[in-house]
Amino acid sequence: MTFDRSIKIAPSILAADFANFGAECAAVEAQGADWVHVDVMDGHFVPNITFGPAMCAAIRPHIKGVMDVHLMISPVDPYIEDFAKAGADVITAHVEAGPHIHRTLQAIRASGAKAGVALNPGTPAEAVAHLLDLTDLICVMTVNPGFGGQKFIDMSDKIRTLRAMIGDRPVHIEIDGGVDPKTAPIVAQAGADVLVAGSAVFKGGSVSDPAPYGANIREIRAAAEGVYA
Ligand SMILES: O=C(CO)[C@@H](O)[C@H](O)COP(=O)(O)O
Ligand SMILES: [Fe+2]
């Protein structure tokens with residue numbers, strides 16, 4: 001996985017057909033997705049339950065590019081090795097998920113995956129100030145985690161602060177929640193490069209009619225690239 005700051009669209013399969021995950025991953029990639037975003041929820045850190053490492057391993061052969069695993073679980077550390085073995089390229093843990101995020105990021109890198117750290121809307125940018133050299137990606141949540149299809153919460157100030165803190169380090173800024181053609185320019189202008197989008201990518205399409213996925217991805221990308229700082 002090479003680093004670059006171009007805009008990347010990462011469809012969240014939380015909005016895909018749960019009975020067809022393999023085909024859905026292949027379909028969004030064929031329609032222009034850069035990464036595939038996988039939301040892991042435990043019913044404890046967040047009020048919803050999705051899937052675990054076995055599901056990630058099952059979809060891995062259907063994803064040619066980056067599998068981006070967003071862990072909304074607590075504790076995180078006992079499961080890092082399992083998600084790495086399942087083929088995650090990026091494993092992101094929440095700073096709010098436990099007292100030892102520094103150790104967690106070290107363990108993610110030791111597993112061979114890129115290390116991501118996520119911030120809930122109520123958590124300030126400064127929470128990652130001492131983690132920047134251990135981090136490959138900072139995920140700024142623009143909804144409270146747990147569900148797809150929620151209303152975007154503007155975190156532009158936080159994104160700008162993070163971009164300045166990161167300086168020339170090779171660290172992605174990922175935005176997760178409520179990203180669509182209207183909100184993509186707001187986060188791109190503030191300096192985000194990875195845009196997760198669930199509902200806005202999967203709406204109107206299906207594995208048997210995937211063309212709308214492509215149109216949706218192109219629309220979000222064009223809106224973001226038009227203003228990317
Ligand atoms: O992590 C999460 C939600 O907790 C996200 O990845 C959502 O799945 C994004 O879905 P939309 O807001 O784009 O519908
Ligand atoms: Fe997510």
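Basis of the calculations
Think of each chain on its own: its residues are numbered from 1, step by step along the sequence as written. All chains are assigned letters beginning at A, and all ligands numbers beginning at 1, according to the order in which they are written. Per-residue local features of the predicted model are confined to residues with pLDDT of at least 70, and side-chain atom pairs are confined, for both listing and counting, to 80 or more; whole-chain, interface and lining totals are unaffected and use all residues. As a convention, hydrogens and water are excluded, and side-chain values are obtained from all of the structure's heavy atoms. UniProt positions are given in the numbering used here, feature names are shortened, and annotations may be inferred rather than shown by experiment. Any residue with an atom within 4 Å of a point lines the site, the site being either a cavity, points on a 1 Å grid over the protein atoms alone where a 1.4 Å probe fits but cannot get out, or a pocket, an open set with protein on both sides within 12 Å along at least 5 of 7 lines. A run of H or I in DSSP becomes a helix once it reaches four residues, and a run of E becomes a strand once it reaches two; helices and strands are each numbered from the N terminus. Exposed residues in this analysis have more than 50% of their type's maximum accessible area, buried residues have under 20%, and partly exposed residues fall in between, with area computed by a 1.4 Å probe over protein chains only. Note on contacts: a residue pair is in contact if any heavy atoms of the two residues lie within 4.5 Å. Counted as a polar contact is a pair of N or O atoms within 3.5 Å, where, for protein atoms, one must be capable of donating a hydrogen and the other of accepting one, and residues adjacent in sequence contribute only when both atoms are in side chains. A donor here means an N, O or S atom no more than 2.8 Å from the metal, or no more than 3.2 Å when the metal is Na, K or Ca. Since water is not included, a site may seem to lack partners. Sites are called tetrahedral only when four donors show all angles between 85 and 135 degrees, square planar or octahedral only when four or six donors show opposite pairs over 155 degrees and all other angles between 65 and 115, and irregular in any remaining case.

Student: Would you mind showing me how to read the UniProt feature "binding site: a divalent metal cation" (unreviewed entry) in the protein chain here?
Tutor: In this numbering, the UniProt entry assigns the feature "binding site: a divalent metal cation" (unreviewed entry) to His37, Asp39, His70 and Asp176. The greatest C-alpha distance among the residues just named is 10.4 Å, despite their covering 140 residues of sequence, which places them together in space. Lining the largest pocket, out of the annotated residues just given, are His37, Asp39, His70 and Asp176. By the secondary structure assignment, His37 is in strand β2 (residues 35-41). Here His37 falls in the buried class, since its relative accessible area comes to 0%. Not counting the four nearest positions on each side in its chain, His37 is found in contact with Ala10, Pro11, Ser12, Ile13, Asp68, His70, Glu174, Asp176 and Val196. A distance of 2.9 Å separates polar atoms of two side chains, one belonging to His37 and the other to Asp39. Tracing the chain through its elements places Asp176 in strand β7 (residues 172-176). Using a relative accessible area of 7% as the deciding quantity, one classes Asp176 as buried. Residue contacts for Asp176: discarding those within four places in its chain leaves His37, Asp39, His70, Cys139, Val140, Met141, Thr142, Val143 and Val196.

Student: Help me out: how do you make sense of the coordination of the iron ion (ligand 2) in this one?
Tutor: As a benchmark, a tetrahedral metal site with four donors has ideal angles of 109.5 degrees, while an octahedral site with six donors has ideal angles of 90 or 180 degrees. Those donors, His37 (NE2), Asp39 (OD), His70 (ND1) and Asp176 (OD), are the protein atoms that reach the iron ion (ligand 2), and they lie 2.0 to 2.3 Å from it. Its six donor atoms give the iron ion (ligand 2) angles of 73 to 174° at the centre, a pattern that matches the octahedral case. On the primary sequence, the residues serving as donors to the iron ion (ligand 2) are separated as H-x1-D-x30-H-x105-D. Remark: Asp176 occurs in strand β7 and His37 occurs in strand β2; sequence separation between them is 139 residues. Of the two residues, His37 and Asp176, both sit in the buried class.

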